[in-house]
Amino acid sequence: MTSNSQSRTNAEIRELIENWAKSVSNFDIDGAVANHAEDVLMFDVPPPVHIRGIDAYRQTWPPFFDWLKTGGTFEIVWLDVTAGEDVAYATALLRCGLTDELDVDPTPRLRLTVGLRREAGRWIIAHEHHSFPSTHEEPTGT
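Here goes a summary of the coordinates provided. (Residues numbered from 1 in each chain as written. Predicted model: local features only at pLDDT ≥ 70, side-chain atom pairs only at ≥ 80, totals over all residues. Heavy atoms only, no water.)

**With respect to the overall build of the chain**
Next, step 1: What the chain contains, in helices and strands, is five helices and six strands.
Next, step 2: Going from N to C terminus, the chain has its helices and strands arranged as α-α-β-β-α-α-β-β-α-β-β.
Next, step 3: Here the chain has a C-alpha radius of gyration of 16 Å; the compact-globule value for 142 residues is 14 Å, and the two agree.
Next, step 4: Projecting the C-alpha coordinates of the chain onto the three principal axes gives extents of approximately 45 × 40 × 30 Å.
Next, step 5: Evaluated residue by residue, the chain yields a buried proportion of 36% over its 142 residues.
Next, step 6: Taking as baseline every contact in the chain between residues at least 6 positions apart, the subset at least 24 positions apart corresponds to 52%.
Next, step 7: Surface exposure of the chain reaches about 8300 Å², of which carbon and sulfur atoms provide 53%.
Next, step 8: Separation between the mean location of the 12 positive side-chain charges and that of the 22 negative ones in the chain comes to 4 Å. (Helix = DSSP H or I, 4+ residues; strand = E, 2+ residues; numbered from the N terminus. Rg over C-alpha atoms; globule rule 2.2 N^0.38 Å. Buried < 20%, exposed > 50% of the residue type's maximum accessible area, 1.4 Å probe, protein only. Contact = heavy atoms within 4.5 Å. Areas by Shrake-Rupley, 256 points an atom, 1.4 Å probe, with all protein chains shown as cover. Lys, Arg positive; Asp, Glu negative; His and termini not counted. Charge placed at Lys NZ, Arg CZ, Asp CG, Glu CD.)

Given below as structure tokens:
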């Protein structure tokens with residue numbers, strides 16, 4: 001892949017993910033689901049922590065939108081894309097929390113990893129993984 005085509009590909013994927021996040025922030029379920037594979041696999045924070053398929057993915061958004069409407073924030077702070085010819089992944093940090101919580105600690109909390117594949121000449125999201133840092137301390141080794 002030439003550096004020009006690499007730059008175009010990275011920009012295309014970046015735009016896809018940024019548009020997804022804007023759709024989520026705007027309670028736009030069709031936009032949030034767009035550009036996802038029919039067999040999408042998602043590991044999420046709230047139950048169910050594992051879903052497969054576009055219909056199951058779509059069902060996860062209304063409860064999240066309800067939470068956002070109570071004063072939640074969902075915004076990308078940092079995004080990195082690594083792409084090949086037909087497979088790519090992106091990692092991101094998002095500010096995701098209630099506004100009053102983020103006023104106290106504005107540190108990005110939500111970690112996002114997205115796996116993409118090119119199908120019929122366009123990029124689609126095949127895997128999404130959301131996580132928050134653990135709030136409990138792990139035992140140290142002896």
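**A look at the sheet that holds strand S1 (residues 36-43)**
Next, step 1: The mixed open sheet is built from six strands, whose spatial order is S2-S1-S6-S5-S4-S3. A strand with exactly one partner marks an edge of an open sheet, and here the two such strands are strand S2 (50-52) and strand S3 (72-83). Pairwise comparison of adjacent strand axes, ignoring direction, gives a mean angle of 20° for this sheet.
Next, step 2: Pairing analysis gives four bridges linking S1 to strand S6 (residues 122-131), with the strands arranged parallel. Pairing of His 36 across the sheet is with Ile 125, part of S6.
Next, step 3: With respect to the sheet, helix H1 (residues 3-25) is in contact with S1, S3, strand S4 (87-98), strand S5 (110-119) and S6, its orientation differing from that of S3 by roughly 165°. (Pairing = 2+ DSSP bridges. Axes fitted to C-alpha atoms, helices over the stretch in contact; angles between N-to-C directions.)

**Remarks on unusual backbone geometry**
Both trends apply: most residues other than glycine have a negative phi, and most peptide bonds are in trans.
Next, step 1: Pro 47 connects to Pro 48 through a cis peptide bond whose omega is -5°.
Next, step 2: Tracing the backbone through its elements, the reader meets Pro 48 in the loop between S1 and S2.
Next, step 3: Positioned with a positive phi, Asn 35 is a non-glycine residue whose angle comes to about 65°.
Next, step 4: Mapped onto the elements, Asn 35 comes out in the loop between helix H2 (29-33) and S1.
Next, step 5: Although it is not a glycine, Ala 120 adopts a positive phi angle of roughly 50°.
Next, step 6: The residue Ala 120 is located in the loop between S5 and S6 in this model.

**Topic: the layout of surface pockets**
Empty space left among the atoms is revealed by rolling a probe the size of a water molecule over them.
Next, step 1: Taken as a whole, the largest pocket encloses approximately 490 Å³ of empty space.
Next, step 2: Along the walls of the largest pocket sit 22 residues, with Asp 44, Val 45, Pro 46, Phe 64 and Phe 132 positioned nearest its centre.
Next, step 3: Put simply, the parts of the chain that give the lining of the largest pocket at least two residues each are helix H3 (54-59), helix H4 (61-68) and S4.
Next, step 4: With four residues, H4 is the single largest residue contributor to the lining of the largest pocket. (1 Å grid on protein atoms, 1.4 Å probe; cavity = no way out; pocket = protein on both sides within 12 Å on 5 of 7 lines; lining within 4 Å. Points joined across faces, edges and corners; volume = space filled by probe spheres on them.)

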